[in-house]
Amino acid sequence: MLLLIQLRWLAVAGQVATILLVQYVMRIPLPVLWLLAAPAGLVLVNLVSAPLTVRRQEVEDQALMIALLADVAALTWLLFLTGGAANPFVALYLLQVVLGAVLLAPVYAWALIAITSLCFAGLGLHSRPLNLPPARGDSLLSLYLQGSLICFVLMAVLLVLFVTRISQNLRERDASMAALRQQTAEHDHIVRMGLLASGAAHELGTPLASLSVILSDWKRMPALTQDADLAQDMTVMRAEVERCKAIVTGILMSAGEARGQAPERTTLRAFVADVVASWSGDGVAVQIRDELAQNPSIIADPALRQVLGVLFDNAVEAGASRITVTTTRTDEDFGIAVRDDGPGFPPAILQAWGKPYNSTKPRPGAGLGLFLLMNVIRSLGGRVEASNPAAGGAEVRLTLPLSALAPTDETAHDR
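- As recorded by an unreviewed UniProt entry, the protein chain carries the name histidine kinase and is attributed to Brevundimonas fontaquae.
- UniProt, in the comment section headed Catalytic activity (unreviewed entry), describes the protein chain in these words: "ATP + protein L-histidine = ADP + protein N-phospho-L-histidine."
- On record in UniProt, under Subcellular location (unreviewed entry), the comment for the protein chain is "Cell membrane".

## Some thoughts on the pattern of salt bridges
And step 1. Applying the stated criterion across every chain yields a total of seven salt bridges.
And step 2. Measuring nitrogen to oxygen at the nearest pair gives 2.7 Å for the salt bridge that ties aspartate 71 to arginine 8. Of this pair, aspartate 71 sits in helix α3 (residues 61-81) while arginine 8 sits in helix α1 (residues 2-25), and the two are 63 residues apart along the sequence.
And step 3. We classify aspartate 71 as buried; its relative accessible area is 12%.
And step 4. Put simply, aspartate 217 and arginine 220 hold a salt bridge, and the shortest N to O gap is 2.7 Å.
And step 5. With relative accessibility at 35%, the residue aspartate 217 sits in the partly exposed group.

## A word on the pairing of strand β4 (residues 322-329)
Successive side chains on a regular strand alternate, one facing one side of the sheet and the next facing the other.
And step 1. The sheet contact formed by strand β2 (residues 285-290) and β4 spans six bridges and is parallel. Residue pairing for β4: valine 286 is matched across the bridge by isoleucine 323.
And step 2. Of the pairings in the sheet, the one linking β4 to strand β5 (residues 333-340) comprises seven bridges and is antiparallel in character. Residue pairing across strands places isoleucine 323 opposite aspartate 340, the latter belonging to β5.

## A word on the sheet that holds β5
And step 1. Read across the open sheet, the five strands follow the order β2-β4-β5-β7-β6; overall the sheet is mixed. Each edge of the sheet is formed by a strand with only one pairing partner; in this case those strands are β2 and β6 (383-387). This sheet shows a mean twist of 15 degrees between the axes of neighbouring strands, independent of strand direction.
And step 2. Sitting on the sheet, helix α10 (residues 268-278) touches β2, β4 and β5, and the angle it makes with β2 is about 175 degrees.
And step 3. Here helix α11 (residues 302-317) sits on the sheet in contact with β4, β5 and β7 (394-401), set at roughly 175 degrees to β7.

## Considering the packing of aromatic side chains
And step 1. The tally for this structure, following the rule as stated, stands at three aromatic pairs.
And step 2. Relative to phenylalanine 80, the ring of tryptophan 77 lies with its centre 6.2 Å away and its plane at 25 degrees, an arrangement referred to as stacked. One end of the pair is tryptophan 77 and the other is phenylalanine 80, both in helix α3 and three residues apart, which spans about a single turn.
And step 3. Classification of tryptophan 77 by relative accessible area gives partly exposed; the value is 31%.
And step 4. With a relative accessible area of 31%, phenylalanine 80 lands in the partly exposed category.
And step 5. Seen in terms of ring centroids, tyrosine 93 and phenylalanine 120 are 6.5 Å apart; in terms of plane orientation they differ by 35 degrees. Their pairing is tilted. You can see tyrosine 93 sitting in helix α4 (residues 93-103) and its partner phenylalanine 120 sitting in helix α5 (residues 106-125), a full 27 residues away along the chain.
And step 6. What links up through ring pairs into an aromatic cluster is the set Trp34, Trp77 and Phe80.

## Some remarks on the layout of surface pockets
And step 1. Estimates place the volume of the second largest pocket at around 1,200 Å³.
And step 2. Taken together, 42 residues form the lining of the second largest pocket, with Thr18, Leu79, Thr82, Asn87 and Phe89 sitting closest to its centre.
And step 3. With 11 residues, the single largest contributor to the lining of the second largest pocket is α1.
And step 4. When the residues that make up the lining of the second largest pocket are grouped by side-chain class, the tally is 31 nonpolar, nine polar and two charged.

## Regarding the environment of alanine 37
And step 1. Mapped onto the fold, alanine 37 is located in helix α2 (residues 32-55).
And step 2. Classification of alanine 37 by relative accessible area gives partly exposed; the value is 41%.
And step 3. Distance in space between the C-alpha atoms of alanine 37 and alanine 74 is 8.5 Å, their sequence separation being 37 residues.

## What to know about the environment of leucine 94
And step 1. Within the secondary structure, leucine 94 sits in helix α4.
And step 2. A residue is classified by how much of its surface remains accessible, and leucine 94, at 53% relative accessible area, is exposed.
And step 3. Separated by 22 residues in sequence, leucine 94 and threonine 116 place their C-alpha atoms 8.5 Å apart.

## Topic: the UniProt feature "transmembrane region" (unreviewed entry) in the protein chain
And step 1. The UniProt record annotates "transmembrane region" (unreviewed entry) at residues 6-25, 32-50, 93-123 and 143-163.
And step 2. Annotated as residues 93-123, this span is 94% helix and 0% strand, and its ends, taken at the C-alpha atoms, are 12 Å apart.
And step 3. Along residues 143-163 one finds 100% helix and 0% strand; the C-alpha atoms at either end are 30 Å apart.

## Comments concerning the pairing of β7
And step 1. Extensive coverage of β7 is indicated by the burial of seven of its eight residues.
And step 2. Across eight bridges, β5 lies against β7 in antiparallel orientation. The partner of alanine 337 across the bridge, within β7, is arginine 397.
And step 3. Counting the residues that bridge the hairpin from β6 to β7 gives six residues, and of these glycine 392 lies at a positive phi of roughly 110 degrees.

## As for the nonpolar core
And step 1. The biggest cluster of nonpolar side chains holds 37 residues, and the ones touching the most others in it are Leu308, Phe312 and Leu398.
And step 2. Mapped by element, the contributors of at least two residues to this core are α10, α11, β4, β5, α13 (368-379), β7 and α14 (402-405).
And step 3. With six residues, α11 is the single largest residue contributor to this core.
And step 4. Sequence-distant contacts of leucine 398, defined by excluding residues within four places in its chain, comprise Leu304, Val307, Leu308, Leu311, Phe334, Gly335, Ile336, Leu373, Ile377, Arg383 and Val384.
And step 5. Among the nonpolar cores identified, the runner-up in size contains 26 residues, and Leu3, Met65, Ala67 and Leu99 belong to it.

## Quick notes on a nonpolar patch on the surface
And step 1. Together, Leu10, Leu149, Phe152, Val153, Val157 and Leu161 give the surface a local cluster of nonpolar side chains, amounting to about 580 Å² of exposed area.
And step 2. Secondary-structure assignment places leucine 161 in helix α7 (residues 140-219).

The rules we used
Residues numbered from 1 in each chain as written. Predicted model: local features only at pLDDT ≥ 70, side-chain atom pairs only at ≥ 80, totals over all residues. Heavy atoms only, no water. UniProt positions renumbered as here; feature names shortened; annotations may be inferred. Salt bridge = Lys/Arg side-chain N within 4 Å of Asp/Glu carboxyl O. Helix = DSSP H or I, 4+ residues; strand = E, 2+ residues; numbered from the N terminus. Buried < 20%, exposed > 50% of the residue type's maximum accessible area, 1.4 Å probe, protein only. Pairing = 2+ DSSP bridges. Axes fitted to C-alpha atoms, helices over the stretch in contact; angles between N-to-C directions. Contact = heavy atoms within 4.5 Å. Phe/Tyr/Trp six-rings, centres within 6.5 Å; stacked < 30°, edge-to-face > 60°. 1 Å grid on protein atoms, 1.4 Å probe; cavity = no way out; pocket = protein on both sides within 12 Å on 5 of 7 lines; lining within 4 Å. Points joined across faces, edges and corners; volume = space filled by probe spheres on them. Nonpolar A, V, L, I, M, F, W, Y, C, P; charged D, E, K, R; others polar. Core = buried A, V, L, I, M, F, W, Y, C linked by side-chain atoms within 4.5 Å. Patch = residues over 30% accessible without salt bridge, like charges linked within 9 Å, V, L, I, M, F, W, Y side chains within 5 Å. Areas by Shrake-Rupley, 256 points an atom, 1.4 Å probe, with all protein chains shown as cover.

Okay, here's the thing in structure tokens:
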């Protein structure tokens, strides 16, 4: 519909230019005021249909048919006042038929053919002939050939513009559908993985709780606590059990089963600092580069915490010895860039970034971390960009809208 509106503006300009050219340059008398009623009507149609089209999600065939009939009516009125079927511009009916064949369902396209044929036949029976001056009477054939040439060029240009734009729209639609199908497949994959992870977390909860109780009982038994080595082993075992319980809780929260029960309100600076402090890397230093002009309040999302942990772990596995976390903010978004001094991403990883199992690691399931990362950030309305900076290393930049993690009034009340 928007394309038809654009073409209609071109038609209005061409009609007005043609009327003025014939009247004042070629000196052929025309009913100018009556003729200008047609482009004026098309201008009114555009002014009414443009805002309606912008607000609609879809345009039905009935609306397109009405728009094309308005063009047919304007063309018929112009031809009726300028010679009828003898006017060489009568071939412009074919342009309307082509547009209808491309845009409309077959029943409407055939109806448009019938209507334009009736208009053509009616112009052959009833029309107002041109009042050619005597000087132009002898060159009637020449005028007709000139008009036919102009009509041919006009139709050819408009058809090329229309078909080219329609082809571009179809390519964009196909690309959008392909991306949507890919996202749907990835979403289904994530759902299946989430169900498996959630089920496993539920199953692990009971044995971990039993181990925690047993270790607590052992810690109170003098026969075991008097042995220093055994007491130290129990302390390590207890710490590892608590770590496993924290991981299980994080999985359940990421699956949406525990989220919102005790939301943690914090700031972006404090959130990043807490993630860095709680992450344990084997001798890898993590530096925070704060470029925030303001420190917005956010709700600490466990999924985002896991995303940053995945990036840190991947950097360590790639051989990095130093990681730099840079925080930035714009009016609507905030960014977290994780850069390391490792060897960088292989070109194949960058080309298929975000696809499942896209990894150079030989172990089973490798590459799922980055795949989950992409989908977590996408679900929050953000985007992920990966690159190899010129100075070396690898960089992953997360950009998220502030509204995705902004605390609500209800959350603030709960706190």
